Amino acid sequence: MARRVLFIYNDPTAPEAMLGTTFADQGFDIDTCTGPAEVPAYPDPLNYDVVVPLGSRFGAHDPAHGAWVDPQMALVRHAVDAGVGVLGVCFGGQLVAQALGGTVGPSPSPELGWYTVDSQVPFLSAGPWFQWHSDRWALPAGAVEIARNDNASQAFLSGSALALQFHPELDPPLLELWLAEDSDGDVARSGIDVDALRTRTGTERDAAAARLTTLVTGFLTHLGDLATGRVAR
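Source: prediction; values computed, not measured.

1. What to know about the overall build of the chain
Okay, so step 1: A tally of regular secondary structure across the chain gives six helices and 10 strands.
Okay, so step 2: Over its C-alpha trace the chain gives a radius of gyration of 16 Å, about what one expects of a compact globule, namely 17 Å for 233 residues.
Okay, so step 3: For the chain, the C-alpha atoms occupy an extent of roughly 45 × 35 × 30 Å along the three principal directions.
Okay, so step 4: In the chain, the proportion of contacts linking residues at least 24 apart, taken out of those at least 6 apart, comes to 72%.
Okay, so step 5: Split by element, the accessible area of the chain, about 9,900 Å² in all, is 51% carbon and sulfur.
Okay, so step 6: Within the chain, one finds 13 positive and 28 negative side-chain charges whose respective centroids are separated by 5 Å.

Below is the structure:
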């Protein structure tokens, strides 16, 4: 039987992009659902092997979005309690941090562009990884930080959950979508050279896809080790 992954769209401009290809290549059937809604209809996470809360322009800590963020955090807790894999990406990673007892707030050093990280596990390379965020998390109790840089914690493990602050899914078409939708003026405010960013993203595309494959494969191995008791919860 094929394994199943659920991608949760927390913003219409933040799809799974290369993450979809990577999970499909690993033999997963893919489902999607939408987060932001007055009454979000989240599926039962126990019907999936992995749940992936994706990115968003919104703030995970903003109470204005509690109507859909709170039930999504409940979904994350339910999944982790049952040993279902959860892979949170940027906003999704911050949501995972909150769901498991951490906090999220504005970062004094927003990140936009390609950044390296200091990594503590073999499946998560130093990068570079693409970043576009102005918030950061404080770790939940018991979480193990596995990557960081001078600006923020970049990844942690907590049971069956892996939270990422960066966007491993980004490819050139997704970058173009985000540039077109940058209504907040993040790029101009950051002093980013857009042409240089496009060129760098195109240059990194194949290597970034390979890094993403290693990351997903390593996370799936971690989940298998949890299931067989080789890794403590």
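2. What about helix α6 (residues 194-227)?
Okay, so step 1: At arginine 205, α6 shows its maximal bend, which comes to roughly 50°.
Okay, so step 2: Its side-chain oxygen 3.1 Å from the backbone nitrogen of aspartate 195, aspartate 193 forms the N-cap of α6.
Okay, so step 3: At the C-terminal side of α6, glycine 229 shows a positive phi close to 80°.

3. Side note on the pattern of salt bridges
Okay, so step 1: Scanning all chains against the criterion turns up nine salt bridges.
Okay, so step 2: A salt bridge links arginine 148 to glutamate 145; the nearest nitrogen and oxygen atoms lie 2.9 Å apart.
Okay, so step 3: Taking relative accessible area as the criterion, arginine 148 reaches 35% and is therefore assigned partly exposed.
Okay, so step 4: Here glutamate 176 makes a salt bridge to arginine 198, at a shortest N to O gap of 2.6 Å. One end of the pair, glutamate 176, is in helix α4 (residues 172-180); the other, arginine 198, is in helix α6, and 22 residues separate them in sequence.
Okay, so step 5: Glutamate 176 gets classed as partly exposed once you look at its relative accessible area, which sits at 33%.
Okay, so step 6: With a relative accessible area of 36%, arginine 198 lands in the partly exposed category.

4. A word on the packing of helix α2 (residues 66-81) against helix α3 (residues 91-99)
Okay, so step 1: As a packed pair, α2 and α3 sit with axes 9 Å apart at the nearest point and diverge in direction by 70°. Viewed along their axes, α2 and α3 adopt a mutual orientation that is roughly perpendicular. Listed contacts from α3 to Trp68, Val69, Gln72, Met73, Val76 and Arg77 of α2 are Phe91, Leu95, Val96, Gln98 and Ala99.
Okay, so step 2: In the contact of α2 with α3, the residues fall into eight nonpolar, two polar and one charged.

5. Some remarks on unusual backbone geometry
Okay, so step 1: Between glycine 127 and proline 128 the backbone carries a cis peptide bond, its omega angle lying at 15°.
Okay, so step 2: Its place among the elements puts proline 128 in the loop between β6 (118-119) and β7 (129-138).
Okay, so step 3: Although it is not a glycine, alanine 17 adopts a positive phi angle of roughly 45°.
Okay, so step 4: Within the secondary structure, alanine 17 sits in the loop between β1 (3-9) and α1 (18-25).
Okay, so step 5: With a phi angle near 55°, cysteine 90 is a residue other than glycine that sits in the positive phi range.
Okay, so step 6: Here cysteine 90 shows up in the loop between β4 (85-89) and α3.

6. Side note on the sheet that holds β6
Okay, so step 1: If you walk across this open sheet you meet the eight strands as β2-β1-β3-β4-β10-β9-β8-β6, and the pairing is mixed. At either end of the open sheet lies a strand with only one pairing partner, and these are β2 (28-34) and β6.
Okay, so step 2: Both strand β8 (residues 144-148) and strand β9 (residues 153-158) contribute to a ladder of four bridges, which runs antiparallel. Looking at the pairing, arginine 148 lines up with serine 153 of β9.
Okay, so step 3: In the packing of α3 onto the sheet, contacts are made with β3 (50-53), β4, β9 and β10 (161-164), and the angle to β4 comes to roughly 125°.

7. Here we look at the side chain of serine 160
Okay, so step 1: Checked against the element boundaries, serine 160 lands in the loop between β9 and β10.
Okay, so step 2: Classification of serine 160 by relative accessible area gives buried; the value is 1%.
Okay, so step 3: At 2.7 Å, the side chain of serine 160 forms a polar contact with the backbone oxygen of valine 84.
Okay, so step 4: In contact with serine 160, not counting residues within four places along its chain, are Ala79, Val80, Gly83, Val84, Gly85, Val86, Phe219, Leu223 and Leu226.

8. Observations concerning the side chain of threonine 201
Okay, so step 1: Position of threonine 201 relative to the elements: it lies in helix α6.
Okay, so step 2: Within the structure, the side chain of threonine 201 is placed 3.1 Å from the side chain of tryptophan 114, a separation counted as a polar contact.
Okay, so step 3: Look past the residues within four positions of threonine 201 in its chain and what remains in contact with it is Trp114, Leu170, Asp171, Pro172 and Leu175.

What counts, and where the lines are drawn
- Residues numbered from 1 in each chain as written.
- Predicted model: local features only at pLDDT ≥ 70, side-chain atom pairs only at ≥ 80, totals over all residues.
- Heavy atoms only, no water.
- Helix = DSSP H or I, 4+ residues; strand = E, 2+ residues; numbered from the N terminus.
- Rg over C-alpha atoms; globule rule 2.2 N^0.38 Å.
- Contact = heavy atoms within 4.5 Å.
- Areas by Shrake-Rupley, 256 points an atom, 1.4 Å probe, with all protein chains shown as cover.
- Lys, Arg positive; Asp, Glu negative; His and termini not counted.
- Charge placed at Lys NZ, Arg CZ, Asp CG, Glu CD.
- Bend = angle between axes of the 7 residues up to and from the residue.
- Polar contact = N/O pair within 3.5 Å; in protein donor to acceptor, adjacent residues only side chain to side chain.
- Salt bridge = Lys/Arg side-chain N within 4 Å of Asp/Glu carboxyl O.
- Buried < 20%, exposed > 50% of the residue type's maximum accessible area, 1.4 Å probe, protein only.
- Axes fitted to C-alpha atoms, helices over the stretch in contact; angles between N-to-C directions.
- Parallel < 35°, antiparallel > 145°, perpendicular 65-115°, else oblique.
- Nonpolar A, V, L, I, M, F, W, Y, C, P; charged D, E, K, R; others polar.
- Pairing = 2+ DSSP bridges.

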